[in-house]
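Single-letter residue listing:
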2 protein chains.
Amino acid sequence: MVVSGNQAFKALADPTRREILRLLRQGEMKAGDLAAHFDMTKPSMSHHFAVLREADLIVSRRDGQQIWYALNTTVAQDLIAWLMDVLGDAKQRRGGKNK
Amino acid sequence: MVVSGNQAFKALADPTRREILRLLRQGEMKAGDLAAHFDMTKPSMSHHFAVLREADLIVSRRDGQQIWYALNTTVAQDLIAWLMDVLGDAKQRRGGKNK
DNA sequence: CATAGAGTTAGACAATCGTCTAATTAAATG
DNA sequence: CATTTAATTAGACGATTGTCTAACTCTATG
């Protein structure tokens, strides 16, 4: 885990934040457009963006009045590597050992 | 996500629980032997086992006085599928789209 | 430069979480 | 059956989390 393993896992623990990541699969989006997908105030959404950014799961850039968010795949790759390592092929390994 | 997506993600948010999963990679272990790896009371460890079991990330069986825990790979596979879907190949996808 | 719009920051508050000690359950054994 | 050992359950408590309203920053524009 390169940088923020624990923060990244904690960030993923909230369903709103996972949905934000899902929306960003298709490319970057403005903060306001993201927020429009949720039944929640803008400050609450802003908080979720901050948590995701501090976990390095997203990156942001300002363009005039608006802020664009996009997935940061670097930490994402680390998370997947951790999960695959710990949980991914355990079945095969156990099969080989305990059969 | 088959059953307990949110619970599974929340279970992964704690470093002690992730370490428990890591230890279980090599096969099932007794509750006491797992607990011995941590600087924490047994009731606290028992709580973490319960969270992991409710998230379907581990399974347990009693053998006399002792309880054995093992990884449950079913939900683990779902988690990995989710992560790969949302975060896994975003770089390639964005590259193809926004280049 | 006054106003409006997009977004964040500050601070409060209830709910959830992680840990502890004390009590309890369940199995083994003299 | 009394005691010991392995583990969980119950309940308390401080820390963290997710949400809200109010206030603020920053940019655009008349």
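One structure accompanies this document, and this report is about it.

About the cut-offs
- Residues numbered from 1 in each chain as written.
- Chains lettered and ligands numbered in written order.
- Predicted model: local features only at pLDDT ≥ 70, side-chain atom pairs only at ≥ 80, totals over all residues.
- Heavy atoms only, no water.
- Near = heavy atom within 4 Å.
- Polar contact = N/O pair within 3.5 Å; in protein donor to acceptor, adjacent residues only side chain to side chain.
- Helix = DSSP H or I, 4+ residues; strand = E, 2+ residues; numbered from the N terminus.
- Nonpolar A, V, L, I, M, F, W, Y, C, P; charged D, E, K, R; others polar.
- Least-squares fit on C-alpha atoms with pLDDT ≥ 70 in both.
- Contact = heavy atoms within 4.5 Å.
- Buried < 20%, exposed > 50% of the residue type's maximum accessible area, 1.4 Å probe, protein only.

We now examine the protein's contact with DNA strand D. If you check the shell around DNA strand D, you find 23 residues, and the closest are A:Ser44, A:His48, B:Ser46, B:Gln65 and B:Tyr69. Counting only atoms of DNA strand D within 4 Å of the protein, the fraction found in sugar and phosphate groups is 68%. Taking A:Gln65, its side chain carries an N or O atom lying 3.4 Å from a base oxygen of DNA strand D. The contact in question runs from a phosphate oxygen of DNA strand D to an N or O atom on the side chain of B:Ser46, over 2.5 Å. Put simply, the parts of the chain that give the surface near DNA strand D at least two residues each are helix H4 (42-54) of chain A together with helix H3 (31-35), helix H4 (42-54) and strand S3 (66-71) of chain B. Partitioning the surface near DNA strand D into residue classes produces seven nonpolar, ten polar and six charged.

Turning to the relation of the copies chain A and chain B, a few remarks are in order. Turning chain A through 180° and shifting it by 0.0 Å along the axis lays it on chain B, with an RMSD of 0.0 Å. Taken together, the turn and the small shift mark the pair as related by a two-fold rotation axis. Residue by residue, 97% of the interface of chain A is reproduced at the interface of chain B, so both copies engage with the same surface.

Residue and element names in this part refer to chain A. Where burial is concerned, most of helix H2 (residues 15-24) is hidden: seven out of the ten residues are buried. Every buried residue belonging to H2 is among Thr 16, Arg 17, Arg 18, Ile 20, Leu 21, Leu 23 and Leu 24, and all of these are buried. Where H2 begins, the capping side chain belongs to Asp 14, and its oxygen is found 2.9 Å from the backbone nitrogen of Thr 16.

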